[in-house]
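# Analysis of the macromolecular model
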Amino acid sequence: MAIKHSEEYRDADLARPLAEKIRRTSRRSIRLMEVCGTHTVSIFRSGIRSMLPTTVSLLSGPGCPVCVTDQAEIDAFIELARQKDVILATFGDLMRVPGSTSSLQRERAEGRDIRMVYSTVDALTIARTHPGQQVVFLGVGFETTAPTIAAAILTAAQSRLENFSVISAHKTVPQALEALMALDGVHIDGFMLPGHVSVIIGLNAYRPFFDRYRIPCVVAGFEPSDILQAIASMVEQIESGAPRLENAYPRAVTSQGNLKAQKILAEVFEPADACWRGIGLIPLSGLRIRQAYAVYDAGKRFALKLPEARPPKGCACGEILTGKKTPPEPECALYKKVCTPMDPVGPCMVSSEGTCAAYYRYYYEQRTTRND
Amino acid sequence: MCLAIPSKITKVENSMAVIDVDGVRRECSLLLVEDAQVGDYVIVHAGFAISKIDEASALETLALLREAAALMEAQGGEGNDPGV
Ligand code: SF4
């Protein structure tokens with residue numbers, strides 16, 4: 001029997017008492033943000049919103065890697081796909097994201113060699129079996145994915161695989177939290193921290209952020225009961241006026257994180273400024289390939305220049321990623337009218353983890369089954 | 001998409017492992033974890049084991065997930081998204 005998440009899980013023995021606890025303790029109106037696409041999907045799928053009192057609002061932050069990828073980076077990927085003798089290897093979600101004038105999917109239909117892979121191990125295999133071509137991996141993701149890409153670069157270096165390179169558009173989470181707090185018009189009372197990013201970086205990586213802002217920060221696992229547990233804890237912290245940095249996913253996350261993965265990451269990458277869709281430039285929130293591994297940097301190998309790029313007109317992905325807006329009309333005029341998962345305008349409707357896609361899929365059915 | 005299904009290592013060769021993801025065989029790289037061995041449970045992200053988790057919590061998590069899956073199956077529910 002395959003394991004699946006369940007809508008019915010909301011009634012599981014673990015979830016009900018937690019939801020009751022939240023309803024009992026919550027007095028103040030609060031806004032909690034999750035910064036992980038998998039949390040976003042799990043919250044929608046399990047119907048958690050319908051279990052919460054009206055005092056607790058959940059916002060989906062910049063936690064979907066594809067959604068925060070800057071328009072100029074998408075354009076650069078498309079530019080690369082058009083180069084002669086290049087095979088692009090990418091995770092699937094990037095395929096349909098609209099660039100300024102095209103998408104990877106459209107480029108593939110026009111004959112460019114773009115392949116979806118499950119892991120960087122597969123991209124290395126493609127490089128080994130196609131020695132006459134350049135294989136470029138599109139490195140998009142947070143601290144969870146970046147070490148897998150660093151490991152691939154180290155493997156390529158050790159085996160002298162010369163036709164493999166990476167374009168690094170990675171982003172790092174703690175720096176984004178800082179940037180969100182500083183944005184005008186953004187109000188967040190607590191952060192549900194991503195489970196698997198935290199597996200890698202460890203709880204301590206958020207300590208400087210927490211010490212500075214003193215708002216509840218709770219690392220959560222992915223099951224509905226994990227998420228409710230994190231919400232219950234944030235509500236309790238806010239009501240008692242005693243914020244904490246807390247690990248509510250101890251079966252996988254430690255204070256130090258995964259030291260081996262951190263070492264591999266730091267060997268290959270160094271922090272660099274990065275542009276986030278909807279937020280703009282965040283200092284030291286990206287990862288650039290170090291000089292020692294410059295030959296594996298596709299940006300350098302192909303001397304990529306990023307043209308000025310504009311996000312799609314009318315798309316409110318930027319405001320949605322920062323919690324200023326939620327997609328159902330009238331907050332985004334294009335939602336469901338022009339922009340659907342079949343014909344997406346912005347990345348938040350493309351990625352299965354995107355907020356607009358999650359709303360599209362789950363929101364209306366949940367409104368009709370609300371029971372609070 | 002993060003898949004949090006604890007997977008059991010059934011074979012190790014060089015730095016690659018064969019894992020059992022609730023009855024489905026897959027491969028993953030062990031480059032990002034310290035001395036993972038046959039019998040260990042790991043969490044896998046994008047084809048790499050990123051964390052070992054102890055057997056008791058792994059079995060507990062699997063039991064919960066199976067319970068949820070049984071409910072889903074009874075309802076004729078939807079399939080899982082592919083993990084990236
Ligand atoms: S509904 Fe479409 S156009 Fe509107 S914000 Fe979401 S992705 Fe952008």
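All figures in this text were calculated on a predicted structure; none of them were measured in a lab. (Residues numbered from 1 in each chain as written. Chains lettered and ligands numbered in written order. Predicted model: local features only at pLDDT ≥ 70, side-chain atom pairs only at ≥ 80, totals over all residues. Heavy atoms only, no water.)

### Here we look at the overall build of chain B
- The secondary structure content of chain B amounts to 1 helix and 5 strands.
- Out of the 84 residues in chain B, the part that is buried amounts to 48%.
- Long-range contacts, defined as pairs at least 24 residues apart, comprise 37% of the intrachain contacts of chain B with a sequence gap of at least 6.
- Split by element, the accessible area of chain B, about 4000 Å² in all, is 50% carbon and sulfur. (Helix = DSSP H or I, 4+ residues; strand = E, 2+ residues; numbered from the N terminus. Buried < 20%, exposed > 50% of the residue type's maximum accessible area, 1.4 Å probe, protein only. Contact = heavy atoms within 4.5 Å. Areas by Shrake-Rupley, 256 points an atom, 1.4 Å probe, with all protein chains shown as cover.)

### Concerning the pattern of salt bridges
All names here are of chain A.
- What the rule picks out here adds up to 15 salt bridges over all chains.
- Between Asp113 and Arg115 there is a salt bridge, and its shortest N-O distance comes to 2.9 Å.
- Its relative accessible area of 25% is what places Arg115 among the partly exposed residues.
- The residue Arg290 makes a salt bridge to Glu270 at a minimum N-O spacing of 3.4 Å. Highlighted residues: Arg290 in the loop between strand 11 (280-289) and helix 13 (298-301) and Glu270 in strand 10 (residues 269-276), separated in sequence by 20 residues.
- Under the relative-accessibility criterion, Arg290 is labelled partly exposed at 27%.
- Salt bridges here are not isolated pairs; linked through shared partners, they connect Arg82, Glu107 and Arg112. (Salt bridge = Lys/Arg side-chain N within 4 Å of Asp/Glu carboxyl O.)

### A word on the pairing of strand 7 (residues 190-193) of chain A
Residue and element names in this part refer to chain A.
- Here strand 7 shows no split at all, with Gly190 and Met192 on one side and Phe191 and Leu193 on the other all buried.
- The pairing of strand 1 (residues 30-34) with strand 7 spans 3 bridges and is classified as parallel. Looking at the pairing, Met33 lines up with Phe191 of strand 7.
- When strand 7 meets strand 8 (residues 217-219), the two strands line up parallel, connected through 3 bridges. The partner of Met192 across the bridge, within strand 8, is Val218. (Pairing = 2+ DSSP bridges.)

### A short note on the site of the ligand
- Taken together, the residues surrounding the ligand are Cys315, Ala316, Cys317, Ile320, Cys332, Leu334, Tyr335, Cys339, Val345, Gly346, Met349 and Cys356 of chain A.
- By residue class, the composition of the shell around the ligand is 11 nonpolar, 1 polar and no charged. (Near = heavy atom within 4 Å. Nonpolar A, V, L, I, M, F, W, Y, C, P; charged D, E, K, R; others polar.)

### Describing the packing of helix 1 (residues 15-25) of chain A against helix 11 (residues 224-240) of chain A
All names here are of chain A.
- Where helix 1 contacts helix 11, the two axes come as close as 9 Å, and the packing angle between them is 20°. Between helix 1 and helix 11, the crossing angle belongs to the class labelled roughly parallel. The way helix 1 lies across helix 11 gives a crossing that is left-handed. The segment helix 1 lies against helix 11, with Ala15, Leu18, Ile22 and Thr25 engaging Ser225, Leu228, Gln229, Ile231, Ala232, Val235 and Glu239.
- A breakdown of the residues in the contact of helix 1 with helix 11 according to their chemical character gives 7 nonpolar, 3 polar and 1 charged. (Axes fitted to C-alpha atoms, helices over the stretch in contact; angles between N-to-C directions. Parallel < 35°, antiparallel > 145°, perpendicular 65-115°, else oblique. Left-handed = near helix turned anticlockwise from the far one by under 90°.)

### A few points about the state of the cysteines
Residue and element names in this part refer to chain A.
- Scanning all chains against the criterion turns up 1 disulfide over all chains.
- At a sulfur-sulfur separation of 2.3 Å, the disulfide partner of Cys64 is Cys67. On the S-S bond that ties Cys64 to Cys67, the torsion sits near 70°, and the link is right-handed. In this pair, the class of Cys64 matches that of Cys67, namely buried. (Disulfide = S-S within 2.5 Å.)

### So, the packing of aromatic side chains
- For the structure on display, the rule yields 7 aromatic pairs over all chains.
- Both rings, one in Phe44 of chain A and one in Tyr359 of chain A, keep their centres 5.0 Å apart while their planes meet at 65°; by these two values the pair is edge-to-face. One end of the pair, Phe44 of chain A, is in helix 2 (residues 37-46); the other, Tyr359 of chain A, is in helix 16 (residues 355-369), and 315 residues separate them in sequence.
- Ring geometry for Phe222 of chain A against Tyr249 of chain A: centres 6.0 Å apart, planes inclined by 75°, an arrangement best described as edge-to-face. Placement of the pair is Phe222 of chain A in the loop between strand 8 and helix 11 and Tyr249 of chain A in the loop between strand 9 (245-247) and helix 12 (259-268), with a sequence separation of 27 residues. Each member of the pair Phe222 of chain A and Tyr249 of chain A is classed as buried.
- Positioned above the aromatic ring of Phe44 of chain A is the side chain of Arg49 of chain A, whose terminal nitrogen or guanidinium carbon lies 4.6 Å from the ring centre.
- The ring of Tyr118 of chain A has Arg26 of chain B lying over it, and the distance from NZ or CZ to the ring centre is 4.4 Å. (Phe/Tyr/Trp six-rings, centres within 6.5 Å; stacked < 30°, edge-to-face > 60°. Lys NZ or Arg CZ within 6 Å of the ring centre and 35° of its normal.)

### Some points on the sheet that holds strand 7 of chain A
All names here are of chain A.
- Taking strand neighbours across the sheet as the criterion, the 5 strands line up as 2-1-7-8-9 in an open arrangement whose pairing is parallel. Here the strands that pair on one side only, and so sit at the sheet edges, are strand 2 (56-60) and strand 9. Taken pair by pair, the neighbouring strands of this sheet meet at an average axis angle of 20°, ignoring direction.
- Bridge count for strand 1 against strand 2 is 5 bridges, and the pairing is parallel. From the neighbouring strand, Arg31 faces strand 2, where its bridge partner is Ser57.

### Considering unusual backbone geometry
Residue and element names in this part refer to chain A.
- The residue Arg160 is not glycine, and still its phi comes out positive at about 50°.
- We classify Arg160 as exposed; its relative accessible area is 69%.
- The backbone phi angle of Lys336 is positive, close to 70°, even though this residue is not glycine.
- By the element assignment, Lys336 lies in the loop between helix 14 (317-321) and helix 15 (347-350).

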